[in-house]
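Structural characterization, general
Here is what each chain is made of, one letter per residue.
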Amino acid sequence: MIRRTVEDNNSTGSESDYSKYGARISGWISWFLSSKGNEYFCEVEDDYILDRFNLTGLNTEVQHYSQALDLITDNLDDEILDEHRGALDVQARLLYGLIHARWIVTARGLAKMLEKYKRADFGRCPRVLCQSQPLLPVGLTDIPYEKSVKLYCGRCEDIYSPKSSRHGSIDGAYFGTSFPHLLFLVYPTLIPPKSGPIDFVPLRTSGDAESSRRNRRNREEQETPREIVQEGLSTVAVALKAERYRPRIFGFQVNEIAKLQRWQEAVRDRQVARLEMLDEHGLL
Ligand SMILES: [Zn+2]
């Protein structure tokens, strides 16, 4: 009977309107996760939130911290909730987001996000040669209100903006800069192969490595950009302007990728020097 009343109440309210009746039954977190646009988030377990050690320092980042915490753990008095609903809801979202960023780099949090990754909940890489590789959310900074969330492709090791504007406006700090790289560090068998179809448990043999190298060479030849030199921009300027994404775990560059990037940059620098020399001699 109570349940029916709740459902009736919810059906008359707008979708994003948090109902205090709904909260009692399903909880703030369930409501938040089921709201449109929040599909990238996973459920943070109660035990994690209720252990105050895990929330160290967040009281300085969130206004009305204790009330926001009471709201997401469904312990807030209805009177306070009615009075400050708008302001508290914003702070509760911020608090949940910041807890979420910490939770998804724990063993249990990684496992939950892995399920979402396997279902391709975060979308797929738009690059044709990545063959619809599922993506993982990543932040470009761990500080809230600075950069929106991006999507990382483990195959081309590049980042993309979410297709939907609802997802595009999510704060990147709610996922953090380390998450996708830590996931591949903890589950190395999930690192996607650089070529061939998607396989969640890729077989790595020396033959595979050789064919992967061969394929990469072919791909590089196919991909040689022809119309990259725009009018008024020299090749050198274009080469130097290209920004690169640098995967990091807790601020440190990921070792293998860092090594590869140093090599790629040395090659680029040599090519730039060559172009400059040709330019000086009027050969370009
Ligand atoms: Zn890709």
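Residues numbered from 1 in each chain as written. Predicted model: local features only at pLDDT ≥ 70, side-chain atom pairs only at ≥ 80, totals over all residues.

As annotated in an unreviewed UniProt entry, the protein chain carries the name Casein kinase II subunit beta and is attributed to Fibroporia radiculosa. The UniProt entry for the protein chain carries this comment under Subunit (unreviewed entry): "Tetramer of two alpha and two beta subunits." Database annotation for the protein chain, UniProt heading Function (unreviewed entry): "Regulatory subunit of casein kinase II/CK2. As part of the kinase complex regulates the basal catalytic activity of the alpha subunit a constitutively active serine/threonine-protein kinase that phosphorylates a large number of substrates containing acidic residues C-terminal to the phosphorylated serine or threonine." (UniProt positions renumbered as here; feature names shortened; annotations may be inferred.)

Focus on the pairing of strand E1 (residues 135-138)
Burial along E1 is two-sided: Leu135 and Pro137 facing one way and Leu136 and Val138 facing the other are all buried. Bridge analysis of E1 against strand E2 (residues 150-153) gives 4 bridges, and the strand direction is antiparallel. Note on E2: the bridge partner recorded for proline 137 is leucine 151. (Buried ≥ 20, exposed ≤ 12 C-beta atoms within 10 Å, placed from the backbone. Helix = DSSP H or I, 4+ residues; strand = E, 2+ residues; numbered from the N terminus. Pairing = 2+ DSSP bridges.)

Things to note about the pairing of E2
Across the two faces of E2 the burial is the same, with Lys150 and Tyr152 and Leu151 and Cys153 all buried. Pairing of E2 with strand E3 (residues 159-160), which is carried by 2 bridges, proceeds in the antiparallel orientation. Bridge pairing in E3 places tyrosine 152 opposite isoleucine 159. Between E2 and E3, which pair antiparallel and follow one another directly, the connecting turn spans 5 residues, one of which, glutamate 157, has a positive phi of 55°.

Here we look at helix H7 (residues 107-118)
With 12 residues, H7 ought to run about 16 Å at 1.5 Å a step, and its terminal C-alpha atoms sit 17 Å apart, in line with that. Residues of H7 that are buried make contact with helix H6 (78-103), E1 and helix H9 (179-186). Of the residues flanking the end of H7, it is alanine 120, one or two places downstream, whose phi is positive at about 55°. (Expected span 1.5 Å × (residues − 1). Contact = placed C-beta atoms within 7 Å.)

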